[in-house]
Amino acid sequence: MSNDIPAPQLQEVSDGIFAYLQLHGQWGLNNAGFFVGADSVTLIDTCFTVSRSQALAAAVRDTAGDRPVRTLVNTHHHGDHTHGNSVFGPGVTIVGHELCREEVIATGVGTKAIWPYVDWGDIVVTPPNVTFADRLAIYAGDLRVELIFAGPAHTTNDIIAWVPERRLLFAGDTVFSGGTPFALFGSVAGSLDTIATVRALGAETIVPGHGPVCDSAVLDGIEAYFRFVQDTARAGFEANTPPLDLARATDLGRFAALHDSERLVANLHRAYSELRGEAKGIALPIMPIWADMIAFNGGEMPRCLA
Ligand SMILES: [Zn+2]
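Note that the structure is a prediction, hence the values are computed from the model and not measured.

Chemist: Which parts of the structure should I look at to understand the sheet that holds strand β12 (residues 205–210)?
Modeler: Strands pair in a sheet through their backbones, by hydrogen bonds, and they do so in one of two ways: parallel or antiparallel. One open sheet holds the five strands; their spatial order is β8-β9-β10-β11-β12, and the pairing between them is mixed. At either end of the open sheet lies a strand with only one pairing partner, and these are β8 (135–140) and β12. Here the strands of the sheet are splayed against their neighbours by 25 degrees on average, with no regard to which way each runs. Sheet analysis places strand β9 (residues 143–149) next to strand β10 (residues 159–163), joined by four bridges and oriented antiparallel. Its bridge partner lying in β10, Leu147 is registered against Ala161.

Structure representation (structure tokens):
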């Protein structure tokens, strides 16, 4: 089932700054990235499984030589971005939003139950040990990297890493490139706010959480998708249509070309929560919503390629 997955690719997106791309960005295939400083490496995110994270570590070593990874940033708590944290050793400072730490601890390796066929390896749950609420600047060598809280959007605890000197953004999963945006663990309305925030930065290069490197043009499609979700949800909510039935009756139009389109069901559940007036990012019952995604998929589990 994995024969259509290319090997991970390294792309130098700016001098000394690399995107580690696991294309095409479907479930479990996230991007990471790293900055090679004079004497150390700053890493953005890890991978879903131990072996994928070890491959990332090998790519860092191939590129940066003996320079150790001293700082690791988690863009949000999901396992495809954090499960490999421990692979980089006990001496690494792991930076994340304060809610990211809480969620990494609370969710642990719960994702393993959803995709039991994945070869996870021995994941040691390792949360961020430096946390912040709104903004934190870190330095990769001399280069300033601004970590900005951007949630609730994809999750409650998204942060983006902005490098003003290079007009470069590591967007985490606030930006999907080529895949269906996903707000089940965050907020549809909040995602639209975050897109506006990202747009205002004026990035020339965006490393998304999943999919190929892109630029700000990708934001138009994400915004249009979430507005489509809101409009669809509004009509269904007023007609008392369950999200699964609504999703089945919805023509995705141009969004059908995005991979993992079953996320529509989950996004509609989140939009309904917001139409009920619930707080953005409030916890929803995940398992019944996951079951709806499977039903929408004709009984097939969303396909994880990790
Ligand atoms: Zn995620």
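Chemist: What is the right way to look at the packing of helix α5 (residues 188–201) against helix α6 (residues 218–238) in this model?
Modeler: Angle between the axes and distance between the axes: these two values describe a pair of packed helices. One way to put it is that α5 packs onto α6 with a least axis distance of 10 Å and a crossing angle of 160 degrees. When the axis of α5 is compared with that of α6, the two are roughly antiparallel. For the element pair α5 and α6, the recorded crossing hand is left-handed. Between α5 and α6, the residues in contact are Val188, Ala189, Ser191, Leu192, Ile195, Val198 and Arg199 and Leu219, Asp220, Ile222, Glu223, Phe226, Arg227, Val229 and Gln230, respectively. Of the residues assigned to the contact of α5 with α6, the class counts are nine nonpolar, two polar and four charged.

Chemist: Just checking my understanding: could you explain the packing of aromatic side chains for this structure?
Modeler: Ring pairs (aromatic) are described by centroid distance and by the angle formed between their planes. Taken as a whole, this structure holds 13 aromatic pairs when the rule is applied. Ring geometry for Tyr225 against Phe255: centres 5.4 Å apart, planes inclined by 85 degrees, an arrangement best described as edge-to-face. One end of the pair, Tyr225, is in helix α6; the other, Phe255, is in the loop between α7 (243–249) and α8 (263–275), and 30 residues separate them in sequence. For the pair Tyr225 and Phe255, a shared accessibility class is recorded, and that class is buried. Between Arg263 and the ring centre of Trp27, over which it is positioned, the NZ or CZ distance is 4.1 Å. Over the face of the ring belonging to Phe182 we find Arg263, whose NZ or CZ atom lies 5.3 Å from the ring centre.

Chemist: Looking at this structure, how should I read the coordination of the zinc ion?
Modeler: Reference values for angles at a metal are 109.5 degrees in the four-donor tetrahedral case and 90 or 180 degrees in the six-donor octahedral case. In this structure, His76 (NE2), His78 (ND1), His154 (NE2) and Asp173 (OD) serve as the protein donors to the zinc ion, at separations of 2.2 to 2.5 Å. Coordination at the zinc ion is irregular, judged from the four donor atoms that bind it and the angles of 84 to 171 degrees they form at the metal.

Chemist: What's the story with the pattern of salt bridges in this structure? I'm lost.
Modeler: Side chains carrying opposite charge are able to pair once their charged atoms draw close together. Taken as a whole, this structure holds nine salt bridges when the rule is applied. We note a salt bridge from Asp193 to Lys280, for which the minimum N-O separation is 3.1 Å. Taken as a pair, Asp193 in helix α5 and Lys280 in the loop between α8 and α9 (286–296) lie far apart in primary sequence, 87 residues in all. Of the residues examined, Asp193 reaches a relative accessible area of 43% and is grouped as partly exposed. When its relative accessible area of 43% is taken as the criterion, Lys280 is described as partly exposed.

Chemist: Explain the environment of Thr111 here, please?
Modeler: Inspection of the secondary structure puts Thr111 in helix α4 (residues 111–114). As a C-alpha pair, Thr111 and His78 span 33 residues in sequence and 8.8 Å in three-dimensional space. Those residues within four positions of Thr111 in sequence are excluded, and the remaining contacts are Phe48, His83 and Trp120.

Chemist: Just to check I follow, could you spell out the state of the cysteines for this structure?
Modeler: What makes a disulfide is a covalent bond joining the sulfur atoms belonging to two cysteines. Using the criterion set out here, one finds zero disulfides in the structure. We note that Cys47 lacks a disulfide partner, and the nearest cysteine sulfur, in Cys304, lies 12 Å from it. The thiol sulfur of Cys100 is not disulfide-bonded, and the nearest other cysteine sulfur, from Cys47, lies at 15 Å.

Chemist: What exactly am I supposed to notice about the side chain of Ser14 here?
Modeler: The residue Ser14 is located in strand β1 (residues 9–14) in this model. The contacts of Ser14, once residues within four sequence positions are left out, are Arg166 and Leu168.

Chemist: I would appreciate a short explanation of the nonpolar core in the present structure.
Modeler: As a rule of thumb, soluble globular proteins bury nonpolar side chains together. Counting 51 residues, the largest nonpolar core has Trp115, Leu169, Val175, Phe182 and Ile206 as the members making the most contacts within it. Of all elements in the fold, only β10, β11 (168–176), α5, α6, α7, α8 and α9 reach the threshold of two or more residues within this core. Per-element tally for this core: the top contributor is α6, with eight residues. Not counting the four nearest positions on each side in its chain, Val175 is found in contact with Ile206, Pro208, Gly209, His210, Cys214, Val218, Leu219 and Ile222. Listed in part, the 21 residues of the second largest apolar core include Val95, Phe132, Leu168 and Val207.

Thresholds applied
Residues numbered from 1 in each chain as written. Predicted model: local features only at pLDDT ≥ 70, side-chain atom pairs only at ≥ 80, totals over all residues. Heavy atoms only, no water. Pairing = 2+ DSSP bridges. Helix = DSSP H or I, 4+ residues; strand = E, 2+ residues; numbered from the N terminus. Axes fitted to C-alpha atoms, helices over the stretch in contact; angles between N-to-C directions. Parallel < 35°, antiparallel > 145°, perpendicular 65-115°, else oblique. Left-handed = near helix turned anticlockwise from the far one by under 90°. Contact = heavy atoms within 4.5 Å. Nonpolar A, V, L, I, M, F, W, Y, C, P; charged D, E, K, R; others polar. Phe/Tyr/Trp six-rings, centres within 6.5 Å; stacked < 30°, edge-to-face > 60°. Buried < 20%, exposed > 50% of the residue type's maximum accessible area, 1.4 Å probe, protein only. Lys NZ or Arg CZ within 6 Å of the ring centre and 35° of its normal. Donors = N, O, S within 2.8 Å, 3.2 Å for Na, K, Ca; no water. Tetrahedral: all angles 85-135°; square planar, octahedral: opposite > 155°, others 65-115°. Salt bridge = Lys/Arg side-chain N within 4 Å of Asp/Glu carboxyl O. Disulfide = S-S within 2.5 Å. Core = buried A, V, L, I, M, F, W, Y, C linked by side-chain atoms within 4.5 Å.

The values reported here are purely geometric and, on their own, carry no functional implication.
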